[in-house]
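Commentary on secondary and tertiary structure
Now for the letters of each chain:
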Amino acid sequence: MAVKSISKATVTGTVFRNPQTGYSSTGASVSNFVLNIGDKEELLIRVIAKRTALAEVVASLSKGTRVVVDGVLQTANVKDENGKERKIFEIDANEIEAMGASSPADSYASEDIVKFSENEMPDELIGEDEIPF
């Protein structure tokens, strides 16, 4: 399988197939999954995660999870089940992040959020004489 690097890419999409993880001869974790980046129709890209740091993130993914993937876009020629050669697109991932994952901001209770009523906010937040130019 000849691989040709195209460019850096950042894509968002939905995990189309559950991730699979294997190990190289040196014991390094190598994971891959298929990502659907199409809105109305399927547009599939294989994502390859060769970095050990990504193993935990990939292990937490499942079909239907929305993710952001940053990496190097490349093409590869593969043979399908009929022996016919075809070109596929894949991303050698540098970063993978699940969208909608909890963040530190999610841990704040709603009573910790300060809300102002309209009459507490002045119509003019900065006076004309305060603008330096």
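On a predicted model such as this, the values are computed, not experimentally measured, just so you know.

Looking at the pattern of salt bridges
Side chains that carry opposite charge are capable of pairing whenever their charged atoms lie near each other. Across all of its chains, the model carries 4 salt bridges by this definition. Connected via shared salt-bridge partners are Lys-50, Arg-51 and Asp-92.

Structural notes on the nonpolar core
Membership of the largest hydrophobic core comes to 15 residues, with the highest contact counts inside it found for Phe-33, Leu-35, Val-47, Val-67, Val-69 and Ile-96. Elements that contribute at least two residues to this core include exactly β1 (3-23), β2 (29-36), β3 (44-49), β4 (66-79) and β5 (85-98). Excluding anything up to four places from it in sequence, Val-67 contacts Val-11, Thr-12, Gly-13, Val-15, Phe-33, Leu-35, Leu-61, Glu-97, Ala-98 and Met-99.

Some words on the environment of Ala-76
As for its placement among the helices and strands, Ala-76 is situated in strand β4. Taking relative accessible area as the criterion, Ala-76 reaches 1% and is therefore assigned buried. C-alpha separation for the pair Ala-76 and Glu-90, spaced 14 residues apart in sequence, amounts to 7.5 Å.

Considering the layout of surface pockets
In this model, the largest pocket occupies a volume close to 260 Å³. In this structure, the largest pocket is lined by Arg-17, Asn-32, Val-34, Leu-44, Ile-45, Arg-46, Arg-86, Lys-87, Ile-88 and Phe-89. With 4 residues, β5 is the largest single contributor of residues to the lining of the largest pocket. Classifying every residue of the lining of the largest pocket by side-chain character gives 5 nonpolar, 1 polar and 4 charged.

What about the pairing of β5?
Pairing geometry for β3 and β5, over 3 bridges, is parallel. Its bridge partner lying in β5, Arg-46 is registered against Glu-90. Across 13 bridges, β4 lies against β5 in antiparallel orientation. Within the sheet, the bridge partner assigned to Val-72 lies in β5 and is Asp-92. In sequence, β4 turns back onto β5 through a hairpin of 5 residues, with Gly-83 there showing a positive phi of about 85°.

About the criteria used
Residues numbered from 1 in each chain as written. Predicted model: local features only at pLDDT ≥ 70, side-chain atom pairs only at ≥ 80, totals over all residues. Heavy atoms only, no water. Salt bridge = Lys/Arg side-chain N within 4 Å of Asp/Glu carboxyl O. Core = buried A, V, L, I, M, F, W, Y, C linked by side-chain atoms within 4.5 Å. Buried < 20%, exposed > 50% of the residue type's maximum accessible area, 1.4 Å probe, protein only. Helix = DSSP H or I, 4+ residues; strand = E, 2+ residues; numbered from the N terminus. Contact = heavy atoms within 4.5 Å. 1 Å grid on protein atoms, 1.4 Å probe; cavity = no way out; pocket = protein on both sides within 12 Å on 5 of 7 lines; lining within 4 Å. Points joined across faces, edges and corners; volume = space filled by probe spheres on them. Nonpolar A, V, L, I, M, F, W, Y, C, P; charged D, E, K, R; others polar. Pairing = 2+ DSSP bridges.

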